[in-house]
Amino acid sequence: MLAFTRSRRQEIDEILRETFPAWMEDPVQDAHGEKLAFKYSGYCSEASIAIRGEYQIVPFLTGLFWNIEHSAIYKPSPELKGVARSLAMQARSQAVLDALSSFEEEFERLVRSATSQAPD
């Protein structure tokens, strides 16, 4: 699930945690130890048979970047196999994730500021 703005991701997380309270949390953390994506897995209690499921709530821009990164770095063609092990590429990938996070934080800050100053 892709969600834009941190507060929207938090809202979705709260609703799904209420819906699936017994599911195990396994968050995806960034290089700084911060929760980058919410990830849960468990069994659907609504089904007549046990069905295991998983969901992730990922920042929208990060999800788009991951699509490209996974194709190019983690599931590359044979001649590009060493790219994922490159420390320089790992640093660049982290820089992209940091920049996307900063963009999202600034966007949300500006929207909050604009809406708090809007006349009633």
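Predicted model, so just to flag it, every value in this text is computed and none were measured.

So, on to the overall build of the protein chain. On a plain count of helices and strands, the protein chain comes out with three helices and five strands. When the helices and strands of the protein chain are placed in sequence order, the string is β-α-β-β-β-β-α-α. Here the C-alpha atoms of the protein chain give a radius of gyration of 18 Å, more than 25% beyond the 14 Å that 2.2 N^0.38 yields for 120 residues. Reported as C-alpha extents along the three principal axes, the dimensions of the protein chain are approximately 55 × 50 × 20 Å. In the protein chain, which comprises 120 residues, the proportion classed as buried is 24%. Counting only contacts in the protein chain whose residues sit at least 6 apart along the sequence, the fraction spanning at least 24 positions is 52%. Accessible surface, the protein chain as shown: approximately 8500 Å² in total, 57% of it carbon and sulfur.

So, about the environment of K39. Its location among the elements puts K39 in strand β4 (residues 35–44). Note: C-alpha distance between K39 and S93 (54 residues apart in sequence) is 21 Å. Those residues in contact with K39 that sit more than four places away from it in its chain are M24, E25, D26, P27, V28, E54, Y55 and Q56.

What follows covers the environment of S102. Topologically, S102 is positioned in helix α3 (residues 87–117). Considering only alpha carbons, one finds S102 and T62, 40 residues apart in sequence, at a separation of 11 Å.

Right, let's get into the pattern of salt bridges. Evaluation of the coordinates by the stated rule reveals six salt bridges. The closest approach of N and O atoms between R9 and E104, which form a salt bridge, is 2.7 Å. With R9 in helix α1 (residues 6–19) and E104 in helix α3, this residue pair connects regions lying 95 residues apart in the sequence. Both residues of the pair, R9 and E104, belong to the buried class.

The geometry of an aromatic ring pair is captured by the separation of the ring centres together with the interplanar angle, meaning the angle of the planes. Taken as a whole and judged by the stated rule, the model has five aromatic pairs. Ring centres of F4 and F107 lie 5.1 Å apart, and the angle between their planes is 50 degrees; on these two criteria the pair is classed as tilted. Taken together, the residues span a long stretch of sequence, with F4 in the loop between β1 (2–3) and α1 and F107 in helix α3 at a distance of 103 residues. The exposure class assigned to F107 is partly exposed, which follows from its relative accessible area of 37%.

The terminal C-alpha atoms of α3 lie 45 Å apart, and with 31 residues this matches the ideal 45 Å at 1.5 Å per residue to within 8%. Burial in α3 covers these residues: S93, Q94, L97, E104 and E108.

A grouping of L2, F60 and L64 is seen on the molecular surface, where their side chains present a nonpolar patch of about 240 Å² in accessible area. Take F60: it is sitting in helix α2 (residues 60–74).

For the rest of this paragraph, the subject is the layout of surface pockets. Here the second largest pocket is characterised by a volume of approximately 230 Å³. Contributing to the lining of the second largest pocket are 17 residues, with R6, D30, L36, S101 and E105 lying nearest its centre. Going through the elements one at a time, α1, β4 and α3 are the ones with two or more residues in the lining of the second largest pocket. When residues of the lining of the second largest pocket are assigned to their parent elements, the largest contribution, eight residues, is made by α3.

About the cut-offs
Residues numbered from 1 in each chain as written. Predicted model: local features only at pLDDT ≥ 70, side-chain atom pairs only at ≥ 80, totals over all residues. Heavy atoms only, no water. Helix = DSSP H or I, 4+ residues; strand = E, 2+ residues; numbered from the N terminus. Rg over C-alpha atoms; globule rule 2.2 N^0.38 Å. Buried < 20%, exposed > 50% of the residue type's maximum accessible area, 1.4 Å probe, protein only. Contact = heavy atoms within 4.5 Å. Areas by Shrake-Rupley, 256 points an atom, 1.4 Å probe, with all protein chains shown as cover. Salt bridge = Lys/Arg side-chain N within 4 Å of Asp/Glu carboxyl O. Phe/Tyr/Trp six-rings, centres within 6.5 Å; stacked < 30°, edge-to-face > 60°. Expected span 1.5 Å × (residues − 1). Patch = residues over 30% accessible without salt bridge, like charges linked within 9 Å, V, L, I, M, F, W, Y side chains within 5 Å. 1 Å grid on protein atoms, 1.4 Å probe; cavity = no way out; pocket = protein on both sides within 12 Å on 5 of 7 lines; lining within 4 Å. Points joined across faces, edges and corners; volume = space filled by probe spheres on them.

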